Amino acid sequence: MVLSLSSQNVIQYLQDAGLCSSEDGASKESELPDRSKNFNLLVNLVDNRKLLVKQERSNHHDGTPHEFFNEWLFHQLLQQFPVIGNISAIASLVLHFDEENSILVRNYLSDYQELRNFYQKTDIFADDIASAIGTTLAGLHRATFNGREYRDFMATAPAGQFRYHFYNPAQGIESIAPEIFGMVPTEALQFYTLYQRYESLESAIADLAYEWNPCCLTHNDLKLNNILVHSRWQQLDNCLVRLIDWKACAWGDPAFDLGTLLASYLEIWLSSLVVDSTLELEESLRLAVIPLEVLQPSILALTRSYLNAFPMILDYRHDFILRVIQFAGLALIYQIQDKIKCRKDFDNADMCMLQVAKNLLTMPEQGVQTVFGITQPEILKPVAKVHKLPQPEREKQLVRLYYEKTRLRGC
Ligand SMILES: Nc1ncnc2c1ncn2[C@@H]1O[C@H](COP(=O)(O)OP(=O)(O)OP(=O)(O)O)[C@@H](O)[C@H]1O
Ligand SMILES: [Mg+2]
């Protein structure tokens, strides 16, 4: 019989699982803000430890694997291969997994806060934080790069069962069936219409999918709310950040992780636009409350730290930066789609986001200039000073790309 977890039975459950003793007891339990599809309980133990207890509420009668199973598998991989587990920002927080009841227990880090919230509250976009993320991510990708043992571990554990299907996230939006009319609001239909109308967008995504090149372990959901930053980050030299929520981790393409991260920074800019039917896209983008120029130093610091720690990726994929830009565009499209699905909402700001996403996907060379504010050779210059890099192609004359004369809805 499957147990339904609640604040009434959680302590008993933790005691039975050996995660707290009867003397230990719990001082109080609180539910986390309910914006996730799973049930989350934060349990405060008397010794000041905090446990995050999660239960997956969707059923799995269709045979799809539990999301938590993947996080558990990743935890086991870290135990088996300390070379990765010792990367402190990646180290596992998982204490317990109960497959039958779809329950996962993590150590809760009270000294840390979500990076997305941190940026929202403080408007501090420090290079140190961005660099720490870039170095950490490169550490994961580099340590597992072309490592057959990691790939096989993810594919076959445990007990030789084949548990995991290679997942290619460069799929674009699923094909649109008539049911969509009942599922999304009328305004959101415009997103699907525009998406289908742009042939160049479809073919750019198809090319990305074709060139999908899984070669290392990837997080696959690297948004800013899956990164924690230490509350005393300014005083610390090490471990300012922690990457959490490894439910989507898999053998994948490193450009996808970096692209998803860049898209999360771009989203801060794009969600601060002043959008009005009398304004052209170019003007809206320029009037953003948080201009792109404020975020570019973080985007640059993150990317350079990543490349400094993993320069080999540029030998392996000469077009790595262009692919990162394209994946950033794709991640923006997924964000719009998630918003439509969860909040049933699509507005003019999302139209701008779609336009930027399309441009990144279809014109990545110009996208580099837009996102970083400088050219590819300029991005690579400090990295090239330290490492011998492949010779870049002759520099082309590029212009910023998002200023296509697009009128917003209602014009
Ligand atoms: N170990 C942890 N320490 C501190 N905070 C955490 C920890 N784990 C999660 N959190 C906080 O709780 C939030 C939600 O957790 P998590 O990312 O696991 O779930 P989610 O993204 O909401 O997805 P799901 O739908 O799977 O529950 C995180 O964004 C983070 O703010
Ligand atoms: Mg999360």
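Predicted model only: the values in this text are computed from it and were never measured. (Residues numbered from 1 in each chain as written. Chains lettered and ligands numbered in written order. Predicted model: local features only at pLDDT ≥ 70, side-chain atom pairs only at ≥ 80, totals over all residues. Heavy atoms only, no water.)

**Focus on the overall build of the protein**
Within the protein one finds 17 helices and 10 strands. Within the protein, residue pairs in contact and separated by at least 24 positions form 73% of the contacts whose partners lie at least 6 positions apart. About 19100 Å² of surface is accessible on the protein, with carbon and sulfur atoms providing 49% of the total. (Helix = DSSP H or I, 4+ residues; strand = E, 2+ residues; numbered from the N terminus. Contact = heavy atoms within 4.5 Å. Areas by Shrake-Rupley, 256 points an atom, 1.4 Å probe, with all protein chains shown as cover.)

**Here we look at the packing of helix 4 (residues 115-122) against helix 10 (residues 254-270)**
A pair of packed helices is characterised by two quantities: the angle between their axes and the separation of those axes. It is the contact of helix 4 with helix 10, at a shortest axis distance of 12 Å, that shows an interaxial angle of 30°. Judged by the inter-axis angle, helix 4 sits roughly parallel to helix 10. You can see that helix 4 and helix 10 cross each other, and the crossing is right-handed. Every residue of helix 10 that contacts helix 4 at Leu115, Arg116 and Tyr119 is listed here: Tyr265, Glu267 and Ile268. A per-class count over the contact of helix 4 with helix 10 returns four nonpolar, no polar and two charged. (Axes fitted to C-alpha atoms, helices over the stretch in contact; angles between N-to-C directions. Parallel < 35°, antiparallel > 145°, perpendicular 65-115°, else oblique. Left-handed = near helix turned anticlockwise from the far one by under 90°. Nonpolar A, V, L, I, M, F, W, Y, C, P; charged D, E, K, R; others polar.)

**A few points about the site of ligand 1**
In the vicinity of ligand 1 lie 20 residues, with Asn38, Glu114, Asn225, Asp245 and Lys247 positioned nearest. Contact between ligand 1 and Lys54: an oxygen atom at 2.8 Å from a side-chain N or O atom of the residue. Between Arg106 and ligand 1, the recorded distance is 2.8 Å, taken from a side-chain N or O atom to an oxygen atom. The protein chains hide 88% of the 610 Å² of surface that ligand 1 would expose on its own. If you list the elements that add at least two residues to the shell around ligand 1, you get strand 3 (50-55) and strand 5 (103-107). Residues that form the shell around ligand 1 fall into these classes: seven nonpolar, six polar and seven charged. Each of domain 1 (10-107) and domain 2 (112-386) accounts for three or more of the residues forming the shell around ligand 1. (Near = heavy atom within 4 Å. Polar contact = N/O pair within 3.5 Å; in protein donor to acceptor, adjacent residues only side chain to side chain. Domains from an automatic or database assignment.)

**Brief notes about helix 9 (residues 199-210)**
The end-to-end C-alpha distance of helix 9 is 16 Å, a good match for the 16 Å that 12 residues give at a rise of 1.5 Å each. Turning to helix 9, its buried residues number three or more, namely Leu201, Ala204, Ile205 and Leu208. All buried residues of helix 9 fall inside an arc of 95° around its axis, so they share one side. In this structure, helix 9 carries Glu199 and Tyr210 as exposed residues pointing more than 90 degrees from its buried face. The elements touched by buried residues of helix 9 are helix 8 (186-197), helix 14 (320-343) and helix 15 (348-362). (Expected span 1.5 Å × (residues − 1). Buried < 20%, exposed > 50% of the residue type's maximum accessible area, 1.4 Å probe, protein only. Arc of directions from axis to C-beta.)

**Here's the deal with the coordination of the magnesium ion (ligand 2)**
At this site the magnesium ion (ligand 2) is bound by Asn226 (OD1) and Asp245 (OD), with donor distances of 2.1 to 2.2 Å. Taken together, the residues Asn226 in the loop between strand 7 (216-218) and strand 8 (227-230) and Asp245 in the loop between strand 9 (241-243) and strand 10 (250-252) connect sequence positions 19 residues apart. The exposure class of Asn226 is buried, given its relative accessible area of 6%. By relative accessible area, which is 13% here, Asp245 ends up buried. (Donors = N, O, S within 2.8 Å, 3.2 Å for Na, K, Ca; no water.)

**What about the confidence of the model for the protein?**
In this model, the protein carries a mean pLDDT of 85, and residues with pLDDT of at least 70 account for 86%. Predicted confidence for residues 403-411 stays below pLDDT 50, and this span has 31 contacts to residues more than four positions away or in other chains. (pLDDT = per-residue confidence, 0-100.)

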